[in-house]
Amino acid sequence: MQSLVSITDFSKQDILQVLERAAAFEANPNMPLLSGKVVATLFFEPSTRTRLSFETAISRLGGRIIGFSDASSTSISKGETLKDTIMMVANYADLIVMRHPLEGAARYAAEISRVPIINAGDGANQHPTQTLLDLYSIQKTQGTLHGINIAMVGDLKYGRTVHSLLQAMSLFGAHFSFIAPQELAMPREYKQLLEARGIAYEEHTDLAEHIGNADIIYMTRVQRERFLDPMEYERVKNVYVLQNKMLQNTKPNVKILHPLPRVNEISTDVDGNPKAYYFAQAGNGVFARMAAICKLLEC
Amino acid sequence: MKEEKHLKVSAIKNGTVIDHIPSGSLFKVVEILALNRCKSQLTLGNNLESKLLGAKAIIKVADRFFADDEMNRIALVAPQAKFNIIRDYEVMEKRTVTLPDAIVGIARCMNPMCVTNHQPILTKFNVVSKKDVLLQCCYCDKVTDQEHLVIIKNG
Ligand SMILES: [Zn+2]
């Protein structure tokens, strides 16, 4: 029995298999492969966007859904342990999708559960189906995952989505450009991982000058609370805002990705540009999640 | 009347003398080995002179012998510790400790948002560096270093 807690739980082959499946679901979204099955969606922390994406995926596969969208209305708020909740729900459901505010909660659940777990976010830690939909979006728009030039922009220090995407893309020999303020630079451990895999990367602090070669521009938000020095935030906050005019000399195939929700890191004048892909990217989430669910349930 | 000098730590007939414990780690070692619940004769010495450590601590516990995995548990806080196994006042064997590849229980994860700090879950770590004592949490993946190492108290 396999769970999906971190993207590193999937091998390169697993990932390719899931992406192929996601494409099949996109071509034919209503496949009753989960008929007769029950999937639990346990949102110990509310996230409407992620929950709706999962519940759409389960519904399109013909599965039934049990669960809760906010732990405050359940016995958890009366002090029931995570273990007791998981043990109980694992008796009812064939698969558990869970989001929890504490880091490591999904790994623990996977250890004690008798059914597979999909981590839909454990605090600031992991959110592997986001990575699957990012990969699917890259493959779909570029035709391949191999040898992609990917520019990661913004908060590369705390952003879990860029870390997971880096781990996965490094399996396919990408070329990385990290564009971030010094305070939010890509952590050493991830650069070491690339070095160990013989993958080239470059680091820059200027956005406009270093996206000319990119096939994918992956934007993230620079948050005020990440800065020790508020003056430093004021100095850099507008440096990492992507504007339509910056896209003039970019490659014709380039696509802009963002895990959403966006605040102001992508100017709204980019939205109408065919290079903007972030809304379509979110839509791909349903197909990627359908494929991940089927992979874990072996159906 | 010079007796005081020789009374620093009394000799034991059978048992274990744990030597070369850094002074700051004495009570951590007591906790890890659960010696606070030990019923036999127990002598603790702290802030003793040591060429090796500057200031060291020593523990003598009568009629108590430790298994290898018990001894290795204290490597987290006393990597240079030596276990002297005493039988009939003689040192029969000297054992050094080695940090195991995985640590279960004993230490707390330094990540305040880690699930193990909020739920009744036994901690688990992979030892990613034995030299610097770096412990990677098996649940949240964060690394706890020696400076932030907190030992979980035994009941
Ligand atoms: Zn932890």
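Residues numbered from 1 in each chain as written. Chains lettered and ligands numbered in written order. Predicted model: local features only at pLDDT ≥ 70, side-chain atom pairs only at ≥ 80, totals over all residues. Heavy atoms only, no water.

## Section: the sheet that holds strand E6 (residues 102-104) of chain B
Residues and elements named next belong to chain B.
Right, so step 1: Across the sheet, which stays open at both edges, the four strands sit in the order E6-E7-E8-E9 with antiparallel pairing between neighbours. Edge strands, defined here as strands with exactly one partner in the open sheet, are E6 and strand E9 (143-144).
Right, so step 2: Strand direction decides the pairing type here: strand E7 (residues 124-129) and strand E8 (residues 134-137), joined by four bridges, are antiparallel. What sits directly across from Val127, in E8, is Leu135. (Pairing = 2+ DSSP bridges. Helix = DSSP H or I, 4+ residues; strand = E, 2+ residues; numbered from the N terminus.)

## Section: the domain arrangement of chain A
Residue and element names in this part refer to chain A.
Right, so step 1: What the domain assignment lists for chain A is domain 1 (7-127 + 285-297) and domain 2 (128-282).
Right, so step 2: Centre-to-centre, using C-alpha coordinates, domain 1 lies 26 Å away from domain 2.
Right, so step 3: At the junction of the two partners, domain 1 supplies 28 residues and domain 2 supplies 22 residues.
Right, so step 4: Between domain 1 and domain 2, roughly 2,200 Å² of surface is buried when both sides are summed, and carbon and sulfur atoms account for 63% of that area.
Right, so step 5: If you sort the residues of domain 1 by the area they bury against domain 2, Ile7, Leu19 and His127 come out on top, with a joint share of 32%.
Right, so step 6: At the junction of domain 1 and domain 2, the tally comes to one salt bridge.
Right, so step 7: Of the charged contacts in the structure, one is a salt bridge between Glu26 and Lys140, with a shortest N-O distance of 2.7 Å.
Right, so step 8: Linking domain 1 to domain 2 there are nine residue pairs in polar contact (both at pLDDT 80 or more).
Right, so step 9: Contributions of two or more residues to the side of domain 1 that touches domain 2 are made by helix H1 (12-27), helix H2 (48-60), strand E4 (117-122) and helix H9 (278-297).
Right, so step 10: Considering each element in turn, the side of domain 1 that touches domain 2 owes the most residues, eight residues, to H1.
Right, so step 11: Looking at the side of domain 1 that touches domain 2 residue by residue, the classes come out as 14 nonpolar, eight polar and six charged. (Domains from an automatic or database assignment. Contact = heavy atoms within 4.5 Å. Buried area = accessible area lost by both parts, 1.4 Å probe. Salt bridge = Lys/Arg side-chain N within 4 Å of Asp/Glu carboxyl O. Polar contact = N/O pair within 3.5 Å; in protein donor to acceptor, adjacent residues only side chain to side chain. Nonpolar A, V, L, I, M, F, W, Y, C, P; charged D, E, K, R; others polar.)

## Details of the coordination of the zinc ion
Residue and element names in this part refer to chain B.
Right, so step 1: For the zinc ion, the full set of protein donor atoms is Cys109 (SG), Cys114 (SG), Cys137 (SG) and Cys140 (SG), at a range of 2.3 to 2.4 Å.
Right, so step 2: Linear spacing of the donor residues for the zinc ion on their chain is C-x4-C-x22-C-x2-C. For the pair formed by Cys109 and Cys114, the shared burial category is buried. (Donors = N, O, S within 2.8 Å, 3.2 Å for Na, K, Ca; no water. Buried < 20%, exposed > 50% of the residue type's maximum accessible area, 1.4 Å probe, protein only.)

## A word on the environment of Lys140 of chain A
All names here are of chain A.
Right, so step 1: Secondary-structure assignment places Lys140 in helix H5 (residues 128-142).
Right, so step 2: Separated by 154 residues in sequence, Lys140 and Cys294 place their C-alpha atoms 20 Å apart.
Right, so step 3: Once residues within four sequence positions are removed from consideration, Lys140 is found in contact with Glu26, Tyr277 and Asn284.
Right, so step 4: Of note is the side chain of Lys140, whose polar atom sits 2.7 Å from the side chain of Glu26.

## Quick look at the side chain of His20 of chain B
Residue and element names in this part refer to chain B.
Right, so step 1: With respect to the helices, strands and loops of the structure, His20 is situated in strand E1 (residues 15-22).
Right, so step 2: With a relative accessible area of 18%, His20 lands in the buried category.
Right, so step 3: In this structure, His20 is in contact with Leu52, Leu53, Lys56, Ala57, Gln80, Ala81 and Lys82, ignoring residues within four places of it in sequence.

## Here we look at the interface of chain A and chain B
Right, so step 1: Opposite the 13 residues of chain A that make contact, chain B presents 14 residues.
Right, so step 2: Both sides of the chain A and chain B interface together cover about 1,100 Å² of buried area, and 54% of this is carbon and sulfur.
Right, so step 3: Of all residues in chain A, Leu102, Glu103 and Tyr108 of chain A give up the largest surface area on contact with chain B, accounting jointly for 49% of the area buried on that side.
Right, so step 4: Counting across the interface, chain A meets chain B through two salt bridges.
Right, so step 5: Between Glu103 of chain A and Lys142 of chain B there is a salt bridge, with its nearest N and O atoms 3.2 Å apart.

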